[in-house]
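Chain residues, written in single-letter form:
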Amino acid sequence: MTFKTLRSEWAPDVTREILAGTVVALALIPEAIAFSLIAGVDPKVGLYASFCIAVVTAFAGGRPAMISAATGAMALVMVSLVKEHGLGYLFAATILTGLLQICAGALKLGNLMRFVSRSVVTGFVNALAILIFLAQMPELIGHGTTVYVMAAFGLGLIYGLPYLTKAVPSPLVTIVLLTAVSMALGLPIHTVGDMGALPTELPWFALPQVPLTVETLRIILPYALTLTMVGLLESLMTAAILDEMTDTGSNKNRECAGQGLANVTAGFFGGMAGCAMIGQSVINVSSGGRGRLSTLWAGSFLLFLIVVLGPYVARIPMAALVAVMIMVSINTFQWKSVGTLLTHPKSSSVVMLGTVAVVVATHDLAKGVVFGVVLSGLFFAHKVTRFFAVSSEREAGVRIYRVTGQIFFATAEAFHAAFDFREDDLERLVVDLSAAHFWDITAVNALDRVVLKFRHHGVPVEIVGMNEATAAMVLRLGTHHKADAGLATGH
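Residues numbered from 1 in each chain as written. Predicted model: local features only at pLDDT ≥ 70, side-chain atom pairs only at ≥ 80, totals over all residues. Heavy atoms only, no water.

What the protein contains, in helices and strands, is 20 helices and six strands. Seen through its principal axes, the protein has C-alpha atoms that stretch 100 × 55 × 50 Å. For the protein, the proportion of its 491 residues judged to be buried stands at 54%. Long-range contacts, defined here as pairs at least 24 residues apart, represent 84% of the contacts in the protein between residues at least 6 apart. With the model as given, the accessible surface of the protein reaches about 22,300 Å², and the carbon-plus-sulfur share is 65%. Averaging the positions of the 31 positive and the 30 negative side-chain charges in the protein gives two centres separated by 5 Å. (Helix = DSSP H or I, 4+ residues; strand = E, 2+ residues; numbered from the N terminus. Buried < 20%, exposed > 50% of the residue type's maximum accessible area, 1.4 Å probe, protein only. Contact = heavy atoms within 4.5 Å. Areas by Shrake-Rupley, 256 points an atom, 1.4 Å probe, with all protein chains shown as cover. Lys, Arg positive; Asp, Glu negative; His and termini not counted. Charge placed at Lys NZ, Arg CZ, Asp CG, Glu CD.)

Overall, the coordinates contain 13 aromatic pairs when judged by the stated rule. Relative to Phe454, the ring of Phe421 lies with its centre 4.9 Å away and its plane at 45°, an arrangement referred to as tilted. One end of the pair, Phe421, is in the loop between α18 (412-417) and β5 (428-438); the other, Phe454, is in helix α19 (residues 441-456), with 33 residues separating them in the sequence. Residue Phe421 shares its accessibility class with Phe454, and that shared class is buried. Through pairs of rings, three or more aromatic residues link up here, namely Tyr401, Phe415, Phe419, Phe421, Phe438 and Phe454. The ring of Phe421 has Lys453 lying over it, and the distance from NZ or CZ to the ring centre is 4.9 Å. (Phe/Tyr/Trp six-rings, centres within 6.5 Å; stacked < 30°, edge-to-face > 60°. Lys NZ or Arg CZ within 6 Å of the ring centre and 35° of its normal.)

Working note: a packed helix pair is described by the angle between its axes plus the distance between those axes. Direction vectors running N to C along helix α2 (residues 14-39) and helix α12 (residues 292-307) enclose 45°, while the axes themselves pass 7 Å from each other. Between α2 and α12, the angle falls in the class oblique. With respect to the hand of their crossing, α2 and α12 are arranged in right-handed fashion. Contact residues: α2 offers Val14, Glu17, Ile18, Gly21, Thr22, Val24, Ala25, Leu26, Leu28 and Ile29, while α12 offers Leu293, Ser294, Trp297, Ala298, Phe301, Leu302, Leu305 and Ile306. For the contact of α2 with α12, a count of residues per class yields 14 nonpolar, three polar and one charged. (Axes fitted to C-alpha atoms, helices over the stretch in contact; angles between N-to-C directions. Parallel < 35°, antiparallel > 145°, perpendicular 65-115°, else oblique. Left-handed = near helix turned anticlockwise from the far one by under 90°. Nonpolar A, V, L, I, M, F, W, Y, C, P; charged D, E, K, R; others polar.)

Before going further, it helps to spend a moment on the pairing of β5. By the criterion of burial, β5 is predominantly enclosed, with eight of the eleven residues buried. Alignment of strand β4 (residues 398-407) against β5, held across nine bridges, turns out to be parallel. Bridge pairing in β5 links Arg402 to Asp432. After leaving β4, the chain enters α18 and then returns to the sheet as β5, a path that is right-handed. In the sheet, β5 pairs with strand β6 (residues 461-464) via four bridges, with the strands oriented parallel. By the bridge assignment, Leu429 is partnered in β6 with Val461. Tracing the backbone out of β5, into α19 and back to the parallel element β6 gives a crossover that is right-handed. (Pairing = 2+ DSSP bridges. Right-handed = clockwise from strand over helix to strand, strands pointing away.)

Attention now moves to the environment of Val210. Looking at the secondary structure, you find Val210 in the loop between α8 (170-185) and α9 (214-246). The residues contacting Val210, other than those within four sequence positions of it, are Gly88, Tyr89, Ala92 and Thr216.

Turning to the side chain of Thr355, a few remarks are in order. If you trace the backbone, Thr355 turns up in helix α16 (residues 346-362). At a separation of 2.8 Å, a polar atom in the side chain of Thr355 contacts the main-chain carbonyl oxygen of Val351. Excluding residues that lie within four positions of it along the chain, Thr355 makes contacts with Val120, Gly123, Phe124, Gly368, Phe371 and Gly372. (Polar contact = N/O pair within 3.5 Å; in protein donor to acceptor, adjacent residues only side chain to side chain.)

Turning to unusual backbone geometry, a few remarks are in order. The phi angle at Ala65 is positive, at roughly 75°, despite the residue not being glycine. Tracing the sequence through the fold places Ala65 in the loop between α3 (43-60) and β1 (68-69). Taking relative accessible area as the criterion, Ala65 reaches 1% and is therefore assigned buried. Of note, Ala396 is a non-glycine position whose phi angle comes to about 60°, a positive value. Looking at Ala396, the relative accessible area reads 72%, which means it is exposed.

Turning next to a negative patch on the surface. A grouping of Asp420, Asp424, Asp425 and Glu427 is seen on the molecular surface, where their side chains present a negatively charged patch. Secondary-structure assignment places Glu427 in the loop between α18 and β5. (Patch = residues over 30% accessible without salt bridge, like charges linked within 9 Å, V, L, I, M, F, W, Y side chains within 5 Å. Salt bridge = Lys/Arg side-chain N within 4 Å of Asp/Glu carboxyl O.)

Our next topic: the pattern of salt bridges. A full pass over the atoms with the stated rule returns eleven salt bridges. Note that Arg428 and Glu462 form a salt bridge whose closest N and O atoms lie 2.7 Å from each other. Note that Arg428 is positioned in strand β5 and Glu462 in strand β6, a separation of 34 residues in sequence. Look at Glu462 and you get partly exposed, because its relative accessible area is 36%. Taken together, the shared-partner salt bridges in this structure form one network comprising Arg63, Asp243 and Lys252.

What follows covers the nonpolar core. In terms of nonpolar packing, the biggest core is built from 106 residues, with Ile29, Phe124 and Met272 touching the most fellow members. Among the nonpolar cores identified, the runner-up in size contains 25 residues, and Val403, Leu429, Val431 and Phe454 belong to it. (Core = buried A, V, L, I, M, F, W, Y, C linked by side-chain atoms within 4.5 Å.)

Turning next to the sheet that holds β4. Strands sit in the order β3-β4-β5-β6 across an open sheet of four strands; the sheet is mixed. Each of the sheet's edge strands pairs with one partner strand only, and the pair in question is β3 (389-395) and β6. With direction set aside, neighbouring strand axes in the sheet form an average angle of 20°.

Written as structure tokens, this is what we have:
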């Protein structure tokens, strides 16, 4: 790797990387504390996890400038584990989650992202923007006029400052300025310190305090499998979004393994499992972060803030961070998708809206993505069936069937039903597959049934025009060409 390539990947602009990472570090603190409380653990568990995961993924991840840390989606999965079995089992599950994610990277499961349609990605992004916005409401509503004024001023500063200068990220200026105003005037408003106590010591290496038995594995494996799926889905989706935002590519399989290594590290240093955070990643990219340095600095500076500057960080008003996160939700939402609802195909719009609805209703991004992928698959299968057809013509005693389209589980029965097995005086039957393709064992089984039924009625069948892939599948999976082939009982 040349120095030019290394700099491009790590720090295209060192100043922008540092400033962007600083904004992210400040915004990470209240979220990490909040996610710790959701999981039912001490705030330091989420903060230590955010430090470990951000630093490790800066080196091992496959998407530069992406921020990974403790997240709400992962925290929700851990609630019952912590409540029923304790903190030691959480750390063990985190380590096992990391090992499973490393295996996923080795098996190149990141390539499965190609099966996620554009509509699902758009729905995922829009749902996440809505959730980010709704998550700010408890810190905004019911806290008095001062909070509304501070948040509104913060938003005005975030969007107005870039017209004057872009030398410093406007979210960073907003956080610093509103904190200074709050401290100078002694405003009685909610601050970061009110979210929970900040740790005063560095994380240390320790083995999870659990027995190394099959029973322990039985307890943590279901949670680890769920965490693995949720973490990889969110991370790969976030990577795909940043790919588009920055017009650059990423290594999805490396990202799977990188997330795994980060979670293994977090588990050994007193942290909970995490994954990529689209909100913080958007903050990073919007603030000018493009390389790995911004991620590394965000994690490192986060630890410095909570351990060294904890008393000052605790006085940051939540209104300032609310303004930043509202900006993130506004910038994350794909506003063009609203205008294209009527112009895009109905199936695409339904998939997008369905993904949004499931995510917002369940607050579970993984469920929304799975729902969207399944719905996209069903629409695709239905669309393919519309391009399937069978025509026929008779020349003397020979009936010729011409098949067009894709033959698979959704069209196999229609393929079988297109043949007339009771036609009289047939001397020979020809099935022309020149314009068809067989995809699965259901399709091959349908062809077997057709051939064997006609043979049962004493009509010889000739199959012509199979492409190479279809011929290979029929030869390997079919039975009609075998000497002992016969109809199953009941046909």
